[in-house]
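Listed below, chain by chain, are the residues.
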Amino acid sequence: MKLKYIPILFATLSVVSCDLVTPDDIINPNVDETTFLHSDNPMETWVNGTEKELALRTSDFVELMEILSDNYFNNYTRSSKVFDIPQLLYTDADVTLLQRNVGALREMADYGLTKVAAADPNTTDAERFHLLYIKAFSMILAGDFFRALPIENGGDVVEWEGQLKRAMEVLNEALPLAQNDTDRAFIHTLYARAAYRMGNRDEAVGHARQALSCSKDFYHQVFFDSKNGVLNRAQEAIWSDWFQPLPRLDFLDPKYFQLTSTDQCALTIAKAEENYLILAEASLSSNNLTEAKQHLTALLQLVKARPIQTGINDQLEGRYNGGLKSFPNDPEYRVQASPTDSLRVGLIIDRRPPHLITIPYISGTSVTQEMIDGLDNHDSALELVYLMRQEIFFAEGRRPADLGIRLPLCEAEAANTTNGMTYTEAYIPSFVPQNYGLDDFIVNDETKTVTITHNMNRIIVQNAHSKDVVPFE
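Described in the following lines is the structure provided in the data block. (Residues numbered from 1 in each chain as written. Predicted model: local features only at pLDDT ≥ 70, side-chain atom pairs only at ≥ 80, totals over all residues. Heavy atoms only, no water.)

### A closer look at the side chain of asparagine 232
Within the element layout of this structure, asparagine 232 appears in the loop between strand S4 (219-222) and helix H9 (233-239). At 3.1 Å, the side chain of asparagine 232 and the backbone oxygen of cysteine 265 are in polar contact. With near-sequence residues (within four places) excluded, asparagine 232 lies in contact with Ser59, Phe224, Tyr256, Gln264, Cys265 and Leu267. (Helix = DSSP H or I, 4+ residues; strand = E, 2+ residues; numbered from the N terminus. Polar contact = N/O pair within 3.5 Å; in protein donor to acceptor, adjacent residues only side chain to side chain. Contact = heavy atoms within 4.5 Å.)

Here it is, written out as structure tokens:
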């Protein structure tokens, strides 16, 4: 049977944060559609519930996309054990979950924009704005990570480019409803992201510049609430000992942490850094190295100004704890991104007792101004751009798109659409290592060095003229 999202919509009524009451004022969390639509301010309730679902479903993407990359290895028994390979089957329950998440967000937004808006005369532009960006964001997820998905409930599947085109149309609807410059920067950034992935350089650059003209340091997050059971699944995997970062990314982990037992960190879904990265890459595609370095310098200044969290007790981490393999946990270890790269210090931090650690939680990077100033050719600069993309978007579920990996259409949808069986195989570029190669490294305890097997940022650059990566080349 085709995946259906309407039941999920009505399930939202039982989990939204605003109370719904029956005529006798008894709180009833399981009202039917008619009662809900005729309750006081149903749109406020619907937007709150849809925002909650956005947070939960985004955390699913972050958890699974981080495994499906060279950012993290799942060193535990929970979460996917095959995305690390990478093995992406259309029968995989996690592939189905992620597809359902895209469809559910889209349909929740549509239901609010049509039925709830029609029933609630108090619906505001701000509420419509929220639902429109959630709808657009669902389509960006589809366009970034899937080969093809339906674009409407029960419809035939549309390839990823069509998903992004539709996302941009919805963002154009949202923009006039933006309430302030931060909102406008957010919408322009999502638009730039979609145009970037499609390789539309001028369009991406235009929106990146407009975003920065509205705000040079904005970020937009989704939030969680431990008191009401709205939990960040990505935080559970990253803060505990399930996921272990590639050693050269150790200094960025854990991006989601707990200072108290009830802490739930927000997830960032858009930020100003993306616009500088797009501008730098666009300059390189025009062979303007000087301009690219200027954008990277501005980007580095922004990243350095981002907040950091001090006093994090990560002493139970251990970087092993009975997992499949041991990860270095000593700052004396130097790391090289491949057997031919230089060894670097400072990438592994000391989280052993009695040390407390400091972590950037919006953006961080190991790139220095000296590294930017020293760039003298296109390829080295492009590799640095992709290193900064990896580090800045670390633990945000973005990396597989930069690697050119795309998920298949899930089994239920493929079997019940006229064109679905065309998309039942994942797309994994030939240059992406198999058999856990994305996460492979060698530790030499005598020399205290760590050698990453594959420098994927260099491999991306080496394949820049393929259709799979580096959209502007």
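Now that the structure has been shown, we can carry on.
### Points about the packing of helix H5 (residues 125-145) against helix H6 (residues 160-174)
Interaxial distance between H5 and H6 falls to 8 Å at its minimum, and their mutual angle equals 165°. Judged on the interaxial angle alone, H6 and H5 are roughly antiparallel. Every pair of crossing elements has a handedness; the one defined by H5 and H6 is left-handed. Only Trp160, Gln163, Leu164, Arg166, Ala167, Val170, Leu171, Glu173 and Ala174 of H6 make contact with H5, whose side of the interface consists of Phe129, Leu132, Lys135, Ala136, Met139, Ile140, Ala142, Gly143 and Asp144. Classifying every residue of the contact of H5 with H6 by side-chain character gives 12 nonpolar, 2 polar and 4 charged. (Axes fitted to C-alpha atoms, helices over the stretch in contact; angles between N-to-C directions. Parallel < 35°, antiparallel > 145°, perpendicular 65-115°, else oblique. Left-handed = near helix turned anticlockwise from the far one by under 90°. Nonpolar A, V, L, I, M, F, W, Y, C, P; charged D, E, K, R; others polar.)

### Topic: the nonpolar core
Grouped together as the largest cluster of nonpolar side chains are 133 residues, with contacts concentrated most on Met65, Phe83, Phe186, Leu296 and Leu407. Among the elements that take part in this core, H5 stands out by supplying 11 residues, more than any other. If near-sequence neighbours (up to four positions away) are discounted, phenylalanine 83 is found in contact with Leu64, Met65, Ile67, Leu68, Leu88, Asp92, Asp94, Val95, Leu98 and Leu407. With 12 residues, the next largest nonpolar core counts Leu37, Val47, Tyr111 and Val116 among its residues. (Core = buried A, V, L, I, M, F, W, Y, C linked by side-chain atoms within 4.5 Å. Buried < 20%, exposed > 50% of the residue type's maximum accessible area, 1.4 Å probe, protein only.)

### Here's the deal with the sheet that holds strand S10 (residues 441-444)
Taken in spatial order, the 3 strands make up an open sheet running S8-S11-S10, and their pairing is mixed. Each end of this open sheet is capped by a strand with a single partner; those strands are strand S8 (334-336) and S10. Neighbour to neighbour, the strand axes of the sheet diverge by 15° on average, direction disregarded. Sheet topology note: the S10/strand S11 (residues 449-452) ladder contains 4 bridges and is antiparallel. Residue pairing for S11: isoleucine 442 is matched across the bridge by threonine 451. (Pairing = 2+ DSSP bridges.)

### Considerations on the packing of aromatic side chains
Inspection of the entire model under this criterion finds 14 aromatic pairs. Where phenylalanine 129 meets tyrosine 133, the ring centres are 5.5 Å apart and the plane angle is 70°; that geometry is what we call edge-to-face. Pair noted here: phenylalanine 129 and tyrosine 133 are both in helix H5, with a separation of 4 residues, about one helical turn. On the basis of relative accessibility, which here comes to 2%, the residue phenylalanine 129 falls in the buried class. Seen from their ring centres, tryptophan 242 and phenylalanine 243 are 6.4 Å apart, and the 65° between their planes marks the pair as edge-to-face. Taking relative accessible area as the criterion, phenylalanine 243 reaches 1% and is therefore assigned buried. (Phe/Tyr/Trp six-rings, centres within 6.5 Å; stacked < 30°, edge-to-face > 60°.)

### Structural notes on the pattern of salt bridges
Here the structure, examined in full by the defined rule, presents 30 salt bridges. In this structure, arginine 57 engages glutamate 53 in a salt bridge whose closest nitrogen and oxygen atoms are separated by 3.0 Å. Taken together, the positions of arginine 57 and glutamate 53, both in helix H3 (residues 42-67) and 4 residues apart, correspond to about one turn of that helix. An identical accessibility class is assigned to arginine 57 and glutamate 53; each is buried. Glutamate 396 is the salt-bridge partner of lysine 271, the closest N and O atoms lying 2.7 Å from each other. (Salt bridge = Lys/Arg side-chain N within 4 Å of Asp/Glu carboxyl O.)

### Describing unusual backbone geometry
Trans is the prevailing form of peptide bonds, just as negative phi is the prevailing case for residues other than glycine. Residue proline 86 is bonded to the preceding isoleucine 85 through a cis peptide linkage, with omega at -5°. Looking at where proline 86 falls in the secondary structure, it is placed in the loop between strand S1 (72-74) and helix H4 (93-119). Cis rather than trans, the peptide bond between proline 353 and proline 354 has omega equal to 5°. Looking at the element boundaries, proline 354 is found in the loop between S8 and strand S9 (357-360). The phi dihedral of lysine 448 falls on the positive side, at around 55°, and the residue is not glycine. Positionally, lysine 448 belongs in the loop between S10 and S11. Note on lysine 448: relative accessible area 26%, which makes it partly exposed.

### Points about helix H13 (residues 378-392)
For H13, built from 15 residues, the straight-helix expectation of 21 Å at 1.5 Å per residue is met to within 8% by its first-to-last C-alpha distance of 21 Å. By the criterion of burial, H13 is predominantly enclosed, with 12 of the 15 residues buried. Those residues of H13 not exposed but buried are Ala381, Leu382, Glu383, Leu384, Val385, Tyr386, Leu387, Met388, Arg389, Gln390, Glu391 and Ile392. The distance from a side-chain oxygen at the start of H13 to the backbone nitrogen of aspartate 379 is 3.2 Å, and the residue carrying that oxygen is asparagine 377. (Expected span 1.5 Å × (residues − 1).)

### A look at the environment of glutamine 244
Mapped onto the secondary structure, glutamine 244 falls in strand S5 (residues 243-245). In terms of polar contacts, glutamine 244 uses its side chain to reach the side chain of glutamate 317, at 2.9 Å.

### Points about the side chain of glutamine 221
For glutamine 221, the location among the structural elements is in strand S4. On the basis of relative accessibility, which here comes to 17%, the residue glutamine 221 falls in the buried class. Here glutamine 221 is in contact with Ala266, Leu267, Thr268 and Ile362, once residues within four sequence places are set aside.

### Regarding the environment of glutamate 152
Its location among the elements puts glutamate 152 in the loop between strand S2 (148-150) and strand S3 (157-159). Residues glutamate 152 and proline 86, 66 residues apart in the sequence, show an inter-C-alpha distance of 29 Å. Aside from chain neighbours lying at most four places away, what touches glutamate 152 is Arg106 and Glu107.

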